[in-house]
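# Results of the structural survey
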Amino acid sequence: MALPKRIIKETERLMAEPVKGISAVPHEDNLRYFDVTIEGPEQSPYEGGVFKLELFLPDDYPMTPPKIRFLTKIYHPNIDRLGRICLDVLKGNWSPALQIRTILLSIQALLGAPNPDDPLANDVAQKWKEDQNAAIETARQWTREHAKP
Amino acid sequence: MESPPFSLEPPPLVPRRESGAGLPDPLSATAGEAVLNPDSRRNSFSVGRPPNSPSPLALMATGSPPARPQRYKVQPPDLASLDYIDTPAPQLICGICQSPYVLPVRLPCDHYFCKDCLSHHFATQDAGNKSCPMCRGKLDINQESLEVPKIMQDMLDALRVRCPNTRFGCSWEDERGNVRTHVMIYCKHSLVECPVAGCDLYCTQTDYGKGCLHYTVQCEKCQGSIYQSDVEILFLDMKKHMDSDCPNTVAACQGNIVGCKVAEIRKDVVAHERTCPMALMAPYFREQQTRLGLAEARIGPLERKVGLLERGLDSITYKLYPAKSRRGTLENLYSEDTTSVPSDSIPEFRLPDPSFPQWGSNDRATAPPPFDSQIDHLLTLHESLREEVSRIKMELNESEGRTNMLVFNENARIRDDMLHMSGALNNVRAQVHWMMSEKLRPSASSGGSTAAADSNKAASSNGNTRSGTQGASHSMAARTAAARLPPRRLSDSTRQETKL
């Protein structure tokens with residue numbers, strides 16, 4: 001099936017005007033599949049880390065949200081150990097007016113503002129609630145170990 | 001099918017499809033559904049020519065649709081997939097499809113979307129839970145859609161687009177508002193239903209008379225099938241395949257414009273081009289060639305200009321020096337035949353400067369000086385020559401006059417001398433005559449004594465050759481003769497005087 005014009009336009013724009021700290025490169029053999037890297041936001045436990053993600057645009061994109069998953073191990077209450085992300089705009093709050101770049105920015109913001117009240121990784125959320133400083137230190141350590149640039 | 005304007009129905013061999021069966025309404029066509037869906041097309045492809053396909057000749061002979069262009073149905077253009085020439089203003093871009101609005105719809109929250117985009121969005125939402133994609137505001141699906149401002153529609157229609165059939169060879173470009181008219185009526189590359197029964201596919205109007213082209217073809221060289229799901233014109237594709245893709249077609253090395261002779265099948269050529277220095281330089285040489293072509297194209301007008309200037313120079317030279325006009329032209333200046341030049345000129349230029357032929361041959365062999373100075377040089381040469389010649393002529397005249405005067409003077413002197421001499425002679429004669437008449441007068445009175453004296457004088461004047469005896473006898477005879485003819489002696493004596 002031919003690639004919709006919107007996907008082509010979005011890809012071109014991502015290449016022409018990249019967002020700072022975010023890159024998304026489509027696979028040559030499948031233009032719906034993107035390799036994404038997101039830099040950890042400043043003044044967060046993930047600062048200095050570079051996180052790899054995979055992004056896939058389903059056939060009925062943009063009517064359905066893109067499928068995104070962390071490939072790099074990350075200690076975050078809203079990201080489980082399989083890398084799945086708990087983010088409202090990736091589920092029920094998706095709107096076809098959103099784009100790849102806005103979604104990636106939302107994920108970057110999620111790294112800077114973890115939300116343990118709506119957890120996906122329950123054990124992480126639990127620790128985050130009990131001892132936030134220890135959890136943040138663990139997150140730093142994981143970032144140093146797994147998210148090397 | 002529209003109401004048939006002609007009674008002649010298409011031949012049974014080529015029955016047209018029932019109207020509406022294969023033709024979706026414009027809206028569903030723009031949504032990319034139904035017949036134009038490439039996946040459904042692919043399944044219906046058969047290898048080789050369909051058995052019931054008539055030849056193009058048969059189609060034409062039976063007066064089938066190509067003779068009546070109005071009979072076939074053109075697919076309406078899909079406005080959502082148009083190619084825009086300029087980047088449209090972001091205010092005209094639909095938030096869902098990221099393209100300029102097609103049939104925009106205005107929501108109560110004042111957000112706009114394409115009609116199709118919005119209906120697709122609503123289809124994914126629950127019935128009582130519709131929301132605006134932009135602001136997520138709740139929407140009542142039963143509410144009347146609001147009126148879209150006319151200015152927005154006008155701005156959308158004014159966007160410049162390319163013909164959707166550009167890939168089939170159409171080069172039309174105009175405002176979006178005209179694209180439907182162009183595609184439906186004027187564009188020769190629009191897709192129409194395949195004329196052959198049983199074929200659900202579409203071909204371009206230009207290929208309509210060629211029968212069914214919807215079968216896969218295999219490349220003879222590489223055995224690869226060149227069928228592509230979204231391309232209808234297979235023949236055109238085949239040519240493109242042979243020209244640029246097929247690895248087994250014979251192709252020439254890129255460097256052939258600078259003399260690389262390699263021409264093998266493409267995959268070998270590609271390997272060769274990596275090492276061929278000429279192929280590496282080929283882009284540079286191609287650029288040079290185009291520049292050379294441009295330069296050559298510019299030489300033509302310049303040559304004409306030079307010709308005009310030459311003629312102008314010619315006429316100017318002719319006006320200045322009518323006699324030298326032939327020498328003034330550049331051709332004559334540069335011609336090797338320098339000897340013919342003086343012969344053409346008037347006689348006063350007959351004397352060539354000794355250095356001139358040498359200058360002509362030597363300077364031409366090396367580098368000729370700028371022609372301005374050459375002409376100047378020649379002209380001054382001529383001037384000096386002309387002065388020289390006229391000076392010589394004057395000197396000649398002068399010397400001629402001088403010699404004439406000399407001769408005349410000499411002649412006059414000699415004539416004077418001769419006059420003087422003849423005067424002296426006359427004087428002498430007059431004296432002699434007087435003396436003779438003095439002598440004759442006494443002899444006339446005395447008789448023979450004067451005659452004897454006269455005869456004596458005559459004898460002495462005759463030259464003393466005679467002997468004394470002879471003279472004695474003669475004097476006797478002369479004395480008698482003188483006595484007889486006395487007047488005659490006068491004339492004789494004058495004659496004797498002139499003899500002296």
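Residues numbered from 1 in each chain as written. Chains lettered and ligands numbered in written order. Predicted model: local features only at pLDDT ≥ 70, side-chain atom pairs only at ≥ 80, totals over all residues. Heavy atoms only, no water.

For chain B, an unreviewed UniProt entry supplies the name RING-type domain-containing protein and the organism Sporormia fimetaria CBS 119925.

Looking at an unreviewed UniProt entry, one finds chain A named E2 ubiquitin-conjugating enzyme, with Sporormia fimetaria CBS 119925 as its source organism. Per UniProt, chain A carries the Sequence similarities (unreviewed entry) text "Belongs to the ubiquitin-conjugating enzyme family." (UniProt positions renumbered as here; feature names shortened; annotations may be inferred.)

Now for the overall build of chain B. Check the secondary structure of chain B and you find 17 helices and 11 strands. Buried positions account for 30% of the 500 residues belonging to chain B. Excluding contacts between residues fewer than 6 apart, the proportion of contacts in chain B whose partners are at least 24 apart in sequence is 50%. (Helix = DSSP H or I, 4+ residues; strand = E, 2+ residues; numbered from the N terminus. Buried < 20%, exposed > 50% of the residue type's maximum accessible area, 1.4 Å probe, protein only. Contact = heavy atoms within 4.5 Å.)

Time to look at the nonpolar core. Core analysis: the largest hydrophobic core is formed by 38 residues, its most contacted members being Ile68, Phe70, Ile85, Leu104 and Ile107 of chain A. When contributions to this core are tallied by element, the ones reaching two or more residues are helix 1 (5-16), strand 1 (22-26), strand 2 (33-39), strand 3 (50-56), strand 4 (67-70), helix 2 (100-112), helix 3 (122-130) and helix 4 (132-146) of chain A. For this core, the leading source of residues is helix 2 of chain A, giving 6 residues. Beyond its immediate chain neighbours, meaning those up to four positions away, Ile68 of chain A contacts Leu53, Glu54, Leu55, Ile85, Leu90, Ile103, Leu104 and Ile107 of chain A. Formed by 33 residues, the second largest nonpolar core is a distinct cluster that contains Tyr112, Phe113, Met152 and Cys187 of chain B. (Core = buried A, V, L, I, M, F, W, Y, C linked by side-chain atoms within 4.5 Å.)

Overall, the coordinates contain 0 disulfides over all chains when judged by the stated rule. Summary of cysteine pairing: Cys94 of chain B is not part of a disulfide, and the nearest cysteine sulfur, belonging to Cys114 of chain B, is at 3.8 Å. (Disulfide = S-S within 2.5 Å.)

Okay, the sheet that holds strand 5 (residues 160-162) of chain B next. All names here are of chain B. The strand order across the open sheet formed by 3 strands is 2-5-6, and the pairing between neighbours is antiparallel. Each edge of the open sheet is held by one strand with a lone partner, namely strand 2 (83-84) and strand 6 (173-175). As paired elements, strand 5 and strand 6 share 3 bridges and run antiparallel to each other. Note on strand 6: the bridge partner recorded for Val161 is Asp174. (Pairing = 2+ DSSP bridges.)

Time to look at unusual backbone geometry. A negative phi holds for most residues other than glycine; trans holds for most peptide bonds. Tyr61 of chain A connects to Pro62 of chain A through a cis peptide bond whose omega is 10°. One non-glycine residue, Gln98 of chain B, adopts positive backbone phi at about 60°. For Gln98 of chain B, the position within the fold is in the loop between strand 2 and strand 3 (104-106). Gln98 of chain B sits in the buried class, given a relative accessible area of 17%. The phi dihedral of Leu103 of chain B is positive, around 50°, even though this residue is not glycine. Note on placement: Leu103 of chain B falls in the loop between strand 2 and strand 3.

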